Amino acid sequence: MKKVLTLIVLAVAMAMPSQAQVKFGLQGGLNLTNISDFSLNVAGLENAVKNRTGFFIGPTVKFTLPIVGLGIDAAALYDQREAKTNDQTLKSQSIQIPINARYGFGLGSVAEIFLFAGPQFGFNVGGKAKDLVSDAAKWTLKSSNFSANVGLGAMILGHLQAKINYNIALGKTGEIEVKDAATAAWKTITGAKANAWQLSLAYYF
């Protein structure tokens, strides 16, 4: 993971021209998670998934390029997401690294509206497995995941920032496994993706 983080930082740094302005800050916000493609019917138990809120927080950095309106922001965020079935709460804890290109327009340093989009790299730092049905079915998280962001935001007085975006999982977030009674082996029956609406605030120093 350290090697991946180092490569990401180096790639962003090499892409920045010497005239770029750099600001560091702190970002935090809320997740509203929607787990798609989740279905389970084991021993007559049907589990329906409901949206749950989570949160994220961590340092962020913003590069303003010497091209009017264009910039890049990146962050390293502790991210927690939850979804609830009929009788279980599924939780993921990860470090998420979004890298977004942004284009803004407005009143200069007083206020700015911007659009942004970019990839996000995630690394699981919590428990990977959760029993759905005792000794019969379980939910297993992937060690890493890849997603994409698209959204809009506003910057006020060059320091306070608010954003709303949709985070789209581009691969499986986790898998549902069941135990084969004949062989006592676990096998995957379906996968699921954890997409999320995100609302965040950031302050740049």
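Residues numbered from 1 in each chain as written. Predicted model: local features only at pLDDT ≥ 70, side-chain atom pairs only at ≥ 80, totals over all residues. Heavy atoms only, no water.

*Asks:* Got a minute to help me understand the overall build of the protein chain in this structure?
*Replies:* Counting its regular elements, the protein chain contains 1 helix and 14 strands. Carbon and sulfur atoms make up 65% of the accessible area of the protein chain, which totals about 10,700 Å². (Helix = DSSP H or I, 4+ residues; strand = E, 2+ residues; numbered from the N terminus. Areas by Shrake-Rupley, 256 points an atom, 1.4 Å probe, with all protein chains shown as cover.)

*Asks:* How should the side chain of N149 be read in this particular structure?
*Replies:* As for its placement among the helices and strands, N149 is situated in strand β11 (residues 144-156). Residue N149 is classed as buried on the basis of its relative accessible area, which comes to 5%. In terms of polar contacts, N149 uses its side chain to reach the side chain of N167, at 2.9 Å. Here N149 is in contact with P98, N100, F116, A117, G118, Q120, N165, Y166, N167 and Q198, once residues within four sequence places are set aside. (Buried < 20%, exposed > 50% of the residue type's maximum accessible area, 1.4 Å probe, protein only. Polar contact = N/O pair within 3.5 Å; in protein donor to acceptor, adjacent residues only side chain to side chain. Contact = heavy atoms within 4.5 Å.)

*Asks:* Is there a simple way to think about unusual backbone geometry in this case?
*Replies:* Positive phi outside glycine occurs at L157, with the angle close to 55 degrees. Mapped onto the secondary structure, L157 falls in the loop between β11 and β12 (160-169).

*Asks:* Even after reading the chapter, I still don't get the pairing of strand β6 (residues 77-84), so can you show me in this structure?
*Replies:* For a regular strand, side-chain orientation follows a simple rule: the groups alternate between the two sheet faces. Counting buried positions over the 8 residues of β6 gives 6, a clear majority of the element. Where β6 meets strand β7 (residues 89-106), 8 bridges bridge the pair, whose relative direction is antiparallel. Bridge pairing in β7 links K84 to T89. (Pairing = 2+ DSSP bridges.)

*Asks:* Sorry if this is basic, but what is going on with the nonpolar core here?
*Replies:* In summary, soluble globular proteins display a tendency toward joint burial of nonpolar side chains. Ranked by size, the top nonpolar core spans 11 residues in total: I35, A83, L90, L132, A137, W139, L141, I176, V178, A192 and A194. Contributions of two or more residues to this core are made by β10 (137-141), β13 (174-179) and β14 (186-204). With 3 residues, the single largest contributor to this core is β10. (Core = buried A, V, L, I, M, F, W, Y, C linked by side-chain atoms within 4.5 Å.)

*Asks:* Would you mind going over the environment of V150 with me for this structure?
*Replies:* Looking at the element boundaries, V150 is found in strand β11. Sequence spacing of V150 and G118 is 32 residues, and the spatial spacing of their C-alpha atoms is 6.9 Å. Other than its neighbours up to four places away in sequence, V150 contacts F116, A117, N165, Y166 and I168.

*Asks:* Help me understand the packing of aromatic side chains, please; the structure alone is not making it clear to me.
*Replies:* How two aromatic rings sit relative to each other is set out by the distance from centre to centre and by the angle between their planes. Tallied over the full model, the rule gives 6 aromatic pairs. Measuring from ring centre to ring centre gives 4.8 Å for Y166 and W197, while their planes differ by 50 degrees; the resulting arrangement is tilted. Residue Y166 is found in strand β12, and its partner W197 is found in strand β14; the two are separated by 31 residues along the sequence. Y166 sits in the partly exposed class, given a relative accessible area of 22%. The ring of Y204 is capped by K62, whose NZ or CZ atom sits 5.6 Å from the centre of that ring. (Phe/Tyr/Trp six-rings, centres within 6.5 Å; stacked < 30°, edge-to-face > 60°. Lys NZ or Arg CZ within 6 Å of the ring centre and 35° of its normal.)

*Asks:* When you look at the pattern of salt bridges in this model, what are you seeing that I'm missing?
*Replies:* A side chain with one charge may pair with a side chain of the opposite charge, provided their charged atoms come close. For the coordinates displayed, the defined rule picks out 2 salt bridges. When the shortest N-O distance is used, the salt bridge between R102 and D73 registers 2.9 Å. Of the two residues, R102 sits in strand β7 while D73 sits in strand β5 (residues 70-75), which places them 29 residues apart along the sequence. The two residues R102 and D73 agree in class, both being buried. Linking R81 and D79 is a salt bridge whose minimum nitrogen-to-oxygen distance equals 3.0 Å. We note that R81, like D79, is buried. (Salt bridge = Lys/Arg side-chain N within 4 Å of Asp/Glu carboxyl O.)

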